[in-house]
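# Descriptive analysis of the structure
One-letter residues, chain by chain:
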Amino acid sequence: MILAISWISALKFVPWKDVLEAAPGMVKGAKRLFTAAKANTNSQPTADSSPETASFDAEGLANLDGRVRHLQAKIVELNSEQNSSATLIKSLAEQNARVVNVIEVFRVRIKMLIYVCFLLGITLSALIFVVVLK
């Protein structure tokens, strides 16, 4: 019970107007990040064969080749992680946009409910006034 009250009091301090205004920009940014990460993942690293590597002996070349393969594997792994992170960010931004849309719908419904309650209060007051005068 105390936890629910603290959440409610914390949500009172959230600038919902700013959140509602920023949501479309967040979704666009997440989509740009996702497409950039996708494009970056599609480009594979290539090995560079320069004349400097030809001067090494066989053992040095084998060691260098192993290091290059390790670095290429690491780059592929990092690209995969970046792609999954971008997918997660895009998903979170879309969920945030849906939450913002639902909050906007609730805001409109609450406003309508307040107007209806106000009109019912006025009508009830008028009925009570008419009954008292009779």
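Because the structure is predicted, anything quoted here is derived from the model rather than measured. Residue numbers here run from 1 along each chain, matching the order of that chain's written sequence. Local features in a predicted model are, by the rule used here, given only for residues with pLDDT of at least 70; side-chain atom pairs are given and counted only at 80 or more, and totals for whole chains, interfaces and linings are based on all residues. The side-chain numbers reported here are obtained from all heavy atoms of the structure, hydrogens and water having been left aside.

### Description of the overall build of the chain
For the purposes of this entry, the term helix denotes a DSSP run of H or I that reaches at least four residues, the term strand denotes a run of E that reaches at least two, and both are numbered from the N terminus. If you tally the helices and strands in the chain, you get four helices and zero strands. Helices (α) and strands (β) of the chain occur, in sequence order from the N terminus, as α-α-α-α. Taken over 134 residues, the chain has a buried fraction of 8%. Across the chain, every contact between residues at least 6 apart in sequence was considered, and the portion connecting residues at least 24 apart equals 92%. About 11100 Å² of surface is accessible on the chain, with carbon and sulfur atoms providing 69% of the total. Burial classes follow relative accessibility: with a 1.4 Å probe on protein chains only, a residue under 20% of its type's maximum area counts as buried, one over 50% as exposed, and anything between as partly exposed. Two residues qualify as a contact provided that any one of their heavy atoms is within 4.5 Å of a heavy atom in the partner residue. Here, Shrake-Rupley sampling with a 1.4 Å probe gives the accessible areas, and only protein chains in the shown set may cover a residue.

### Notes on the pattern of salt bridges
Salt bridges are identified by distance alone: a Lys or Arg side-chain nitrogen within 4 Å of an Asp or Glu carboxyl oxygen. The full count for this structure, using the stated rule, is two salt bridges. Of the charged contacts in the structure, one is a salt bridge between Arg69 and Asp65, with a shortest N-O distance of 3.0 Å. Of the two residues, Arg69 and Asp65 are both situated in helix 4 (residues 58-133); the distance of four residues between them amounts to about one turn of the helix. Of the residues examined, Arg69 reaches a relative accessible area of 56% and is grouped as exposed. Residue Glu104 pairs with Arg107 through a salt bridge whose shortest N-O separation is 2.6 Å.

### Brief notes about the confidence of the model for the chain
The predicted coordinates ought not to be read in detail in places where the model reports low pLDDT. One number per residue, pLDDT, summarises how confident the predictor is, and it ranges from 0 to 100. On average, residues of the chain score 77 in pLDDT, and 78% of them are at 70 or above. The weakest mean pLDDT in the chain belongs to helix 3 (residues 51-54) at 48; the strongest belongs to helix 4 at 87. Segment residues 47-51: pLDDT under 50, and one contact once partners within four positions in sequence are set aside and those in other chains are kept.

### Focus: helix 4
Helices are assigned an expected span. That span is 1.5 Å times one less than the residue count. Here helix 4 spans 111 Å end to end across 76 residues, near enough to the 112 Å set by a 1.5 Å rise per residue. Taken together, the buried positions of helix 4 are occupied by Asn79, Asn83, Ala86, Ala93, Ala97 and Val100.

### A short note on a nonpolar patch on the surface
Every patch collects residues that have over 30% relative accessible area and no salt bridge, joining them within 9 Å if they carry like charges and within 5 Å if they are nonpolar side chains (Val, Leu, Ile, Met, Phe, Trp, Tyr). Together, Val102, Val105, Phe106, Ile110, Ile114 and Tyr115 line one region of the surface with nonpolar side chains, adding up to about 590 Å² of accessible area. Structurally, the position occupied by Val102 is in helix 4.

### Quick notes on the environment of Glu21
Its location among the elements puts Glu21 in helix 2 (residues 16-42). Given a relative accessible area of 54%, Glu21 falls into the exposed group.

### Some words on the environment of Lys90
Summarising the element assignment, Lys90 is placed in helix 4. As a C-alpha pair, Lys90 and Leu33 span 57 residues in sequence and 7.9 Å in three-dimensional space. Non-local contacts of Lys90, meaning those with residues more than four positions away in its chain, are made with Ala30, Lys31 and Phe34.

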